[in-house]
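Descriptive structure summary
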There are 2 protein chains.
Amino acid sequence: MVSKLNVRQVTHVACRDCSLSQLCLPLALKIEDIDELDRIIKRGRPLKKGEHLFLEGDPFHSVYAVRSGALKTYTATNEGEEQITGFYLPSELVGLSGLDTEAYPVSAQAIETTMVCEIPFDRLEKLSDDYPELRRQLMRVMCRKIREDQQMKLLLSKKNADERIATFLINLASRFRRRGFSSQSFRLSMSRNEMGNYLGLAVETVSRVFTRFQKNGLINANGKEIEITNAMELCALAGGKLVEHQDIVNIQ
Amino acid sequence: MVSKLNVRQVTHVACRDCSLSQLCLPLALKIEDIDELDRIIKRGRPLKKGEHLFLEGDPFHSVYAVRSGALKTYTATNEGEEQITGFYLPSELVGLSGLDTEAYPVSAQAIETTMVCEIPFDRLEKLSDDYPELRRQLMRVMCRKIREDQQMKLLLSKKNADERIATFLINLASRFRRRGFSSQSFRLSMSRNEMGNYLGLAVETVSRVFTRFQKNGLINANGKEIEITNAMELCALAGGKLVEHQDIVNIQ
DNA sequence: CGTCTAGTTGAGTAACATCAACGTGGGTGG
DNA sequence: CCACCCACGTTGATGTTACTCAACTAGACG
């Protein structure tokens, strides 16, 4: 009896008990309505690094909220190489861009051991018929994505290698901070290769910039472990701003 | 009496009489519901080239459908230069990316004499409460935008100058085609400068690529007048495909 | 213990930016 | 109506950034 309860708690953390609920979809709902959302969510086994959540071209049926770990989405270029289109950390929603099509326009793959909440879209859509706030939250998520992509396009068309990496690090830092983690030091879940791919840089360039940043006292990098030692200057490079001492803001 | 009617027709083309209705928001509505949408739409005087529809930071209140002419949206980089984020042709919706914020995240400016339909967002939102199909259409427009941005990011991070220009031309061609115009020959509404800015290239590079394309028989360019003389090869360069003879498809 | 992948570093190179000069056409003011 | 001006576009010469190729190291994993 007790053991069964425990198992259920471990494998099925309800939205109302989830530490991410105020960063994720449930934030749009009143406490008594959260269970409604909860009922349609499916929680599966963890994905191991390298496993796919869905493949480009798979029939679209669900969006997913990352619970732990990290995902990347990517699409194939004409030459068959992969182009990474985004990284997704806990509380973030992945799969929305396929929403108006029959198929996912990108593949989603775990870049470390990852747990997700699956939200079948037809049921989410029905639910959102009754909850205007949920609807608006979905809109907000998509609008934010559009604005992020805008920033990304600016990065790709105007920024040099240093600025790209600085922007990327500051952006990650702010996403960690949002979830209550340190924005000073954190662990990169992606490889240098994936970072370069995403930022439109060769691996070697990424490596060189990291080395140079370290030499100049901006960061301390030990493999995937990153410590930001001069947030001020890193932000300046990224083109963002520091609101308070050591308090990194997302580059909108 | 008659003259008054005429004036009204000229300045106030109703959605139901608009040739763009099946390419624009009304396509989500039944014929009898279109008038409902029509009632909330405001149609103002034409914007002259260079006039702004809204400025970055202006309070968000409306989305706009382009009726004739063309707009660009742009944002300021940290160094104060402009970064063009999109071009908008007739039937296309501009202003949606500010939807979840208090302010427009970009400026919108006419690049030639332009007419727009203004759709106050609070009223559109109310209307969409009653018309699920309208709601879904809005979602679709945003999803498409996200996917277009994805393609744009790929262009900016992986394609060389030739491929960028080819992609741009093919994309424009397909948008003209969608509206029933020739995809073979058309007039660019933007300057070489704006094109380069948008594509992440220097003006000189754009100019050189145009010259080279012409030399190689891919296009015939006379100032802003463009004729595509080898659609096949241009598509190949862009990484798209030709469905039928001379039948250009959008690069998804 | 060998193999494989990820990461780093160096040398040479290609692609595009930058700088400069010049032509052209459309708009404006005299 | 003409002359001038200015923005736009083109072309050439040069410079710079980041890519490519290659070699090497270190850690992961069977």
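Along each chain, the written sequence defines residue order, and numbers are assigned to residues from 1. Think of it this way: whatever chain is written first is A, whatever ligand is written first is 1, and the rest follow in order. With the structure being a predicted model, the display of local features is reserved for residues of pLDDT at least 70 and the display and counting of side-chain atom pairs for 80 or more, all residues being used for whole-chain, interface and lining totals. Values shown for side chains rest on all heavy atoms present in the structure; no hydrogens or waters enter the calculation.

It is worth spelling out the domain arrangement of chain A at this point. Residues and elements named next belong to chain A. What fixes the domain bounds is an automatic or database domain assignment. Domain assignment breaks chain A into domain 1 (15-145) and domain 2 (159-249). The interface is formed by 17 residues belonging to domain 1 together with twelve residues belonging to domain 2. At the boundary of domain 1 with domain 2, total buried surface from both sides reaches about 1300 Å², with 52% on carbon and sulfur atoms. Salt bridges are defined by distance alone: a side-chain nitrogen of Lys or Arg within 4 Å of a carboxyl oxygen of Asp or Glu. Connecting domain 1 to domain 2 are three salt bridges. With a shortest N-O distance of 3.8 Å, Arg 187 and Glu 112 are connected by a salt bridge. Two N or O atoms count as a polar contact when they lie within 3.5 Å, although within protein this holds only if one can serve as hydrogen donor and the other as acceptor, and sequence-adjacent residues are included solely when both atoms are side-chain atoms. Between domain 1 and domain 2 we count seven residue pairs in polar contact (both at pLDDT 80 or more) in total. It is strand β5 (residues 82-88) that contributes the most residues to the side of domain 1 that touches domain 2, seven residues altogether. It only takes one pair of heavy atoms within 4.5 Å for two residues to be counted as in contact. By buried area we mean the combined loss of accessible area, with a 1.4 Å probe, across both parts when two parts are placed together. A run of H or I in DSSP counts as a helix once it spans at least four residues, and a run of E counts as a strand once it spans at least two, with each numbered from the N terminus.

Residues and elements named next belong to chain B. A fitted line through C-alpha atoms represents every axis, and for helices the fit uses only the stretch in contact; the resulting angles, taken between N-to-C directions, go from 0 to 180 degrees. Two elements in contact, helix α5 (residues 161-178) and helix α7 (residues 203-215), have axes whose closest approach is 10 Å; the angle formed by their N-to-C orientations is 75 degrees. It follows that α5 is roughly perpendicular to α7 by the angle criterion. Residue-level contacts link Ala 161, Asp 162, Ile 165, Ala 166 and Leu 169 of α5 to Thr 205, Val 206, Val 209, Phe 210, Arg 212 and Phe 213 of α7. Residue classes in the contact of α5 with α7 are distributed as eight nonpolar, one polar and two charged. Roughly parallel refers to an angle under 35 degrees, roughly antiparallel to one over 145, roughly perpendicular to one between 65 and 115, and oblique to any angle outside these ranges. Here the nonpolar group is Ala, Val, Leu, Ile, Met, Phe, Trp, Tyr, Cys and Pro; Asp, Glu, Lys and Arg are the charged ones; every other residue, Gly included, is treated as polar.

Should DSSP find at least two bridges between two strands, the strands are taken to pair. Where strand β10 (residues 219-222) of chain A meets strand β11 (residues 225-228) of chain A, four bridges bridge the pair, whose relative direction is antiparallel. By the bridge assignment, Ile 219 of chain A is partnered in β11 of chain A with Ile 228 of chain A.

A few words now on the relation of the copies chain A and chain B. We place the copies in one frame by least squares, fitting the C-alpha atoms of every residue whose pLDDT is at least 70 in both. Between chain A and chain B, which share one sequence, the superposing operator has a rotation angle of 180 degrees and an axial displacement of 0.0 Å; the RMSD is 0.0 Å. The symmetry that links the two subunits is that of a two-fold axis. Comparing interface residues between copies, 100% of those in chain A also lie at the interface in chain B; the contact surface is shared.

Residues and elements named next belong to chain A. Structurally, Gly 69 is set in the loop between β3 (62-68) and β4 (71-76). Using a 1.4 Å probe on the protein chains alone, a residue whose accessible area is under 20% of its type maximum counts as buried, one over 50% counts as exposed, and one in between counts as partly exposed. Taking relative accessible area as the criterion, Gly 69 reaches 16% and is therefore assigned buried. Expressed as a C-alpha distance, the spacing of Gly 69 and Lys 49, which sit 20 residues apart in the sequence, is 9.2 Å. Those residues within four positions of Gly 69 in sequence are excluded, and the remaining contacts are Tyr 88, Leu 89, Pro 90, Glu 112, Thr 113 and Thr 114.

What follows concerns the sheet that holds strand β7 (residues 107-110) of chain A. Read from one edge to the other, the open sheet built from four strands follows the order β2-β7-β4-β5 (chain A), with strand pairing classed as antiparallel. Edge strands, defined here as strands with exactly one partner in the open sheet, are β2 (52-54) and β5 of chain A. Across the sheet, the mean angle from the axis of one strand to that of its neighbour is 30 degrees, orientation sign disregarded. Note that β2 of chain A and β7 of chain A share two bridges and pair antiparallel. Within β7 of chain A, the residue paired with Phe 54 of chain A across the bridge is Ala 108 of chain A. Strands β4 and β5 of chain A of the sheet are contacted by helix α4 (residues 132-158) of chain B, whose axis makes an angle of about 120 degrees with β5 of chain A.

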